[in-house]
Amino acid sequence: MLVLSRKLDESIVIGEGIVVKVISVDKGVVKLGIDAPRNLSIVRSELLEDVKESNRAASKEIELSDLTSLGAIFKK
């Protein structure tokens, strides 16, 4: 992991077209501004982990009858 120190209004460039800028620092909270191409998805890591966990949980709760019903729907 690369660790960089940045001050208020300083930024870093990642690859081509991605700029991360320190917008504010207040009471231990750092606000970052991210300028990136629209086709690039930017997601907070804790939200990504929540989605992954929800997907894992959902995949374990499948009943055979649910799959049979779903198969019948697709055959129509």
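Here the structure is shown first, and the text comes after it.
Everything numeric here is computed off the predicted structure, so don't read it as measured data.

(A) How the structure looks around the overall build of the chain. Helix and strand counts for the chain stand at 2 helices and 3 strands. Relative to the globule expectation of 11 Å for 76 residues, the C-alpha radius of gyration of the chain, 21 Å, shows a markedly less compact shape. By its C-alpha atoms, the chain is 60 × 30 × 20 Å across when sized along the principal axes. Counting all 76 residues of the chain, 4% fall into the buried class. Restricting the contact set of the chain to residue pairs at least 6 apart, pairs at least 24 apart contribute 0%. In the form shown here, the chain has an accessible surface area of approximately 7,200 Å², with 57% of it arising from carbon and sulfur atoms.

(B) Quick look at a nonpolar patch on the surface. A cluster of nonpolar side chains, namely Val25, Val30, Leu32, Ile34, Leu40 and Ile42, defines an oily patch on the protein surface of about 550 Å² accessible area. For the nonpolar patch, the element with the highest residue contribution is strand 3 (residues 29-35), accounting for 3 residues. Within the secondary structure, Ile34 sits in strand 3.

What counts and what doesn't
- Residues numbered from 1 in each chain as written.
- Predicted model: local features only at pLDDT ≥ 70, side-chain atom pairs only at ≥ 80, totals over all residues.
- Heavy atoms only, no water.
- Helix = DSSP H or I, 4+ residues; strand = E, 2+ residues; numbered from the N terminus.
- Rg over C-alpha atoms; globule rule 2.2 N^0.38 Å.
- Buried < 20%, exposed > 50% of the residue type's maximum accessible area, 1.4 Å probe, protein only.
- Contact = heavy atoms within 4.5 Å.
- Areas by Shrake-Rupley, 256 points an atom, 1.4 Å probe, with all protein chains shown as cover.
- Patch = residues over 30% accessible without salt bridge, like charges linked within 9 Å, V, L, I, M, F, W, Y side chains within 5 Å.
- Salt bridge = Lys/Arg side-chain N within 4 Å of Asp/Glu carboxyl O.

Scope: geometric values only; no functional claims are made or implied.
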